[in-house]
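Close look at the chain arrangement
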Amino acid sequence: MIDRNERRREVCEALDLSFIRVKALLALQAGALTLGELAAALSIDRPYTTLTVHELERRGLAERTVHPDDRRSKLVELTASGRMAARLADDMLNRPPAALVALDAADLAALDRITALLAGEHPDATS
């Protein structure tokens, strides 16, 4: 199912960005982060975070400003274009595959029960 519905590639092609840059857009949706916070959120090192942010800036998707409480630190935030791109990425990544949408209620209930079991959850005996 995952191989047939690879959303990452679709998002990367639509935005013409690598997936780490897409992840950066998504991480910045909630608001501005320092470079260190963004590096931690992306699980990458600071030099690579700087390169990632530089590319987002070059494309007009993000901007860096001086942190108001620590002039040695930079804040990264999305531009209006960056917010639009992040929303598009979020929508694309969270859109269910057509095959899943086409399932009837009984099949969805069965799938829900099976995935709960696979996740180690114990559904109610009444379910």
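None of the values given here were measured: they were computed from a predicted structure. (Residues numbered from 1 in each chain as written. Predicted model: local features only at pLDDT ≥ 70, side-chain atom pairs only at ≥ 80, totals over all residues. Heavy atoms only, no water.)

As a further point, take the side chain of R7. Take R7: it is sitting in helix 1 (residues 7-15). Those residues in contact with R7 that lie beyond four places of it in its chain are M92, L93, R95, P96 and P97. (Helix = DSSP H or I, 4+ residues; strand = E, 2+ residues; numbered from the N terminus. Contact = heavy atoms within 4.5 Å.)

Another aspect to go through is helix 1. Within helix 1, burial applies to R7, V11, C12 and L15. Buried residues along helix 1 cover an arc of 130 degrees about the axis, so they all sit on one side. Exposed residues lying more than 90 degrees from the buried face of helix 1 are R9 and E13. Those residues of helix 1 hidden inside the fold are in contact with helix 2 (19-28) and helix 5 (80-94). Trailing helix 1 by a residue or two, D16 shows a phi angle of about 55 degrees, which is positive. (Buried < 20%, exposed > 50% of the residue type's maximum accessible area, 1.4 Å probe, protein only. Arc of directions from axis to C-beta.)

With respect to the helices and strands, L38 occurs in helix 3 (residues 35-42). Take L38: its relative accessible area is 0%, and that puts it in the buried class. Separated by 15 residues in sequence, L38 and K23 have C-alpha atoms that sit 9.9 Å apart.

For the rest of this paragraph, the subject is the pairing of strand 3 (residues 74-78). In this structure, strand 1 (residues 33-34) lies alongside strand 3, joined through 2 bridges in antiparallel fashion. Bridge pairing in strand 3 places T34 opposite L75. (Pairing = 2+ DSSP bridges.)

Further remarks concern the packing of helix 2 against helix 5. Orientation of helix 2 relative to helix 5, taken along the N-to-C sense of each, is 105 degrees, at an axis distance of 9 Å. Judged by the angle between their axes, helix 2 and helix 5 are roughly perpendicular. Across the interface between the two elements, F19, V22, L25 and L26 from helix 2 touch G82, A85, A86, A89, D90 and L93 from helix 5. Class assignment of the residues belonging to the contact of helix 2 with helix 5 gives a composition of 8 nonpolar, 1 polar and 1 charged. (Axes fitted to C-alpha atoms, helices over the stretch in contact; angles between N-to-C directions. Parallel < 35°, antiparallel > 145°, perpendicular 65-115°, else oblique. Nonpolar A, V, L, I, M, F, W, Y, C, P; charged D, E, K, R; others polar.)

Once that is clear, we can look at the confidence of the model for the chain. Here the chain averages 89 in pLDDT, while 92% of its residues score no lower than 70. The weakest mean pLDDT in the chain belongs to helix 6 (residues 98-101) at 79; the strongest belongs to helix 2 at 97. (pLDDT = per-residue confidence, 0-100.)

Moving on, we get to the nonpolar core. Core analysis: the biggest nonpolar cluster contains 25 residues, and L15, L17, V22, L25, L38 and L56 have the highest contact counts within it. Of all elements in the fold, only helix 1, helix 2, helix 3, helix 4 (46-58), strand 3 and helix 5 reach the threshold of two or more residues within this core. Considering each element in turn, this core owes the most residues, 6 residues, to helix 2. For L56, the residues in contact, after removing those within four places along its chain, are L17, R21, A24, L25, L61 and A62. (Core = buried A, V, L, I, M, F, W, Y, C linked by side-chain atoms within 4.5 Å.)

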